[in-house]
Amino acid sequence: MKIYPNMKKTLIYFSLLSIGLLFLFYLTFDGSFTWPLPSKDYIIFAGWLVITVIYFVITLRGGYYVLEKSGLRQKQLNKDLMYEYKRIIYINEEWSRKNGMLLFVTDRGDAKYLILDKKQILLDEMLKRCSKLMTREEVSNKFPNLKF
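Described below are features of the structure shown in this document. Note on numbering: residues in each chain are counted from 1, in written sequence order. Selection of residues for local features in this predicted model requires a pLDDT of at least 70, selection of side-chain atom pairs for listing and counting requires 80 or more, and totals for whole chains, interfaces and linings are taken over all residues. As a rule here, side-chain values come from all non-hydrogen atoms in the structure, and water together with hydrogens is ignored.

The patches described consist of residues with a relative accessible area above 30% and no salt bridge, like charges being joined within 9 Å and nonpolar side chains (Val, Leu, Ile, Met, Phe, Trp, Tyr) within 5 Å. Where accessible areas are quoted, they stem from the Shrake-Rupley method and a 1.4 Å probe; at the residue level, only the protein chains shown are allowed to cover. Between Lys or Arg on one side and Asp or Glu on the other, a salt bridge is scored when a side-chain nitrogen of the former is within 4 Å of a carboxyl oxygen of the latter. A cluster of nonpolar side chains, Val-50, Ile-54, Tyr-55, Ile-58 and Leu-77, forms an exposed patch at the surface whose accessible area comes to about 450 Å². Mapped onto the fold, Tyr-55 is located in helix H2 (residues 39-62). Each helix is a run of H or I in the DSSP string that is no shorter than four residues. Each strand is a run of E no shorter than two, and both are numbered from the N terminus.

Note on definitions: the grid is 1 Å and covers protein atoms alone; a cavity is a set of points where a 1.4 Å probe fits but cannot get out; a pocket is an open set with protein on both sides within 12 Å along at least five of seven lines; lining residues have an atom within 4 Å of a point. Grid points are joined across faces, edges and corners, and a volume is the space filled by probe spheres set on the points. In this structure, the largest pocket occupies an estimated 390 Å³ of space. Around the largest pocket, the lining comprises 16 residues; the ones closest to its centre are Thr-10, Thr-59, Gly-63, Gln-74 and Gln-76. Only helix H1 (7-29), H2, strand S2 (64-67) and strand S3 (71-76) provide two or more residues apiece to the lining of the largest pocket. If you tally residues by element for the lining of the largest pocket, the top one is H1, at four residues.

Only strands that DSSP links by at least two bridges are regarded as paired with each other. On the basis of which strands lie adjacent, the open sheet formed by three strands has the order S5-S6-S7 and antiparallel pairing. Looking along the sheet, the strands with just one partner apiece sit at the ends: strand S5 (88-91) and strand S7 (111-115). The sheet shows a mean angle of 30° between the axes of neighbouring strands, taken without regard to direction. The pairing of S5 with strand S6 (residues 101-106) spans three bridges and is classified as antiparallel. Counted as the bridge partner of Ile-88 is Thr-106 from S6. Packing against the sheet, helix H4 (residues 121-129) makes contact with S5 and S6, and its axis sits at approximately 130° to S5. Only C-alpha atoms enter the line fits that serve as axes; for helices the fit covers just the stretch in contact. Angles between N-to-C directions range over 0 to 180 degrees. It only takes one pair of heavy atoms within 4.5 Å for two residues to be counted as in contact.

Quick look at the pattern of salt bridges now. Applying the stated criterion to the full structure yields eight salt bridges. Asp-124 is the partner of Arg-97 in a salt bridge, and the nearest nitrogen-oxygen pair spans 2.5 Å. Taken together, the residues Arg-97 in helix H3 (residues 93-99) and Asp-124 in helix H4 connect sequence positions 27 residues apart. Linking Glu-125 and Arg-129 is a salt bridge whose minimum nitrogen-to-oxygen distance equals 3.1 Å. On the criterion of helical spacing, the pair formed by Glu-125 and Arg-129 is a turn pair, its members being four residues apart in helix H4. In this scheme, a residue with accessible area under 20% of its type's maximum is buried, one over 50% is exposed, and one in between is partly exposed, where area comes from a 1.4 Å probe on protein chains only. A relative accessible area of 14% means that Glu-125 is categorised as buried.

Written as structure tokens, this is what we have:
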């Protein structure tokens, strides 16, 4: 079963990252900010916008989750990540529902954040399929330096 991340949430994160990078690159390469903007800056901004929109469309089409028998497969453009259900030891259900992102911890002490789908089917399915879930206190005792 393929599940696509929430497009609105993805657009928000993508836009914030894109604007931050544009600002950083602009200050790094030009170093000056004058008003009104020179015509070369409008060309740079338009080019950046076109590239960002193309990359956003590619990201939306190429990124999804697949619930398999043994685990959750996350497909990203050219990456294929697998999270086995038996390795997931904690899912923060309250935080995940509130923020629209799946927060889980693996048995290695890694906290993972995945954008949920609009109806939060991914969260419900993960709660059903992960059999070795622990409480927050047990995970904190096992991994004291973990921030989640």
